[in-house]
Amino acid sequence: QVRLVESGGGLVQAGGSLRLSCAASGRTFSSYAMGWFRQAPGKEREFVATIGWSGSSTVYGDSVKGRFTISRDNAKNTVYLQMNSLKPEDTAVYYCASSVSWAVTTTPIQYVYWGQGTQVTVSS
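Model, not experiment: these values are computed from the prediction. (Residues numbered from 1 in each chain as written. Predicted model: local features only at pLDDT ≥ 70, side-chain atom pairs only at ≥ 80, totals over all residues. Heavy atoms only, no water.)

*Asks:* For the overall build of the chain, give the residues involved together with the corresponding values.
*Replies:* Within the chain, the secondary structure is distributed over 0 helices and 11 strands. Secondary structure elements of the chain occur, N-terminal to C-terminal, as β-β-β-β-β-β-β-β-β-β-β. Against the compact-globule benchmark of 14 Å for 124 residues, the chain has a radius of gyration of 13 Å, which places it among compact chains. Considering only C-alpha atoms, the chain reaches an extent of 40 × 25 × 25 Å along its principal axes. A buried classification covers 41% of the 124 residues belonging to the chain. Once local pairs closer than 6 in sequence are excluded, the contacts in the chain between residues at least 24 apart make up 59%. Here the chain displays about 6,300 Å² of accessible surface, and carbon together with sulfur accounts for 47% of that area. In the chain, which carries 11 positive and 7 negative side-chain charges, the distance between the mean positions of the two groups comes to 6 Å. (Helix = DSSP H or I, 4+ residues; strand = E, 2+ residues; numbered from the N terminus. Rg over C-alpha atoms; globule rule 2.2 N^0.38 Å. Buried < 20%, exposed > 50% of the residue type's maximum accessible area, 1.4 Å probe, protein only. Contact = heavy atoms within 4.5 Å. Areas by Shrake-Rupley, 256 points an atom, 1.4 Å probe, with all protein chains shown as cover. Lys, Arg positive; Asp, Glu negative; His and termini not counted. Charge placed at Lys NZ, Arg CZ, Asp CG, Glu CD.)

Okay, structure coming up:
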């Protein structure tokens, strides 16, 4: 059974930083791309970032470019999202997901396994 568990969310002031972690189990973690998505109340799920199987390829959503960094540690079966210069509009539930393939993808339908999500709240 594949399991993805996010952690690291919380309340932070605007301009602050948080690092999210997503621990994976039940699948050969290093064979698949991983992604982060977020969903704010009343809004559709939004792509945040994706990283290829080796970590050498990354893609970011326009709203987080230059502020967020995705990385992975295949030895620890964990993917991270470092979030800097946080803004109130970054407030959302953040989800990690595991893709169907090794290549980066921004499309939610390409992700077959999802975590439960972790809440990030940025106060102004």
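From this point, the discussion proceeds with the structure in view.
*Asks:* I'd like to hear about the packing of aromatic side chains, residue by residue, with values.
*Replies:* Scanning the entire structure with this criterion turns up 4 aromatic pairs. Arranged with centres 5.7 Å apart and planes meeting at 70 degrees, the rings of Phe37 and Phe47 form a pair that is edge-to-face. A residue pair is termed long-range when its members are at least 10 positions apart, and Phe37 in strand S4 (residues 34-39) and Phe47 in strand S5 (residues 46-51) qualify at 10 residues. On the accessibility criterion, Phe47 (14% relative accessible area) is buried. (Phe/Tyr/Trp six-rings, centres within 6.5 Å; stacked < 30°, edge-to-face > 60°.)

*Asks:* Can you break down the sheet that holds strand S3 (residues 18-25) residue by residue, with the values?
*Replies:* Strand order in the open sheet made by the 4 strands is S1-S3-S8-S7, with antiparallel pairing throughout. Here the strands that pair on one side only, and so sit at the sheet edges, are strand S1 (3-7) and strand S7 (68-73). The average angle at which neighbouring strand axes cross in this sheet is 15 degrees, direction not considered. Relative to strand S8 (residues 78-83), S3 is paired through 6 bridges, and the arrangement is antiparallel. Residue pairing for S8: Arg19 is matched across the bridge by Gln82. (Pairing = 2+ DSSP bridges. Axes fitted to C-alpha atoms, helices over the stretch in contact; angles between N-to-C directions.)

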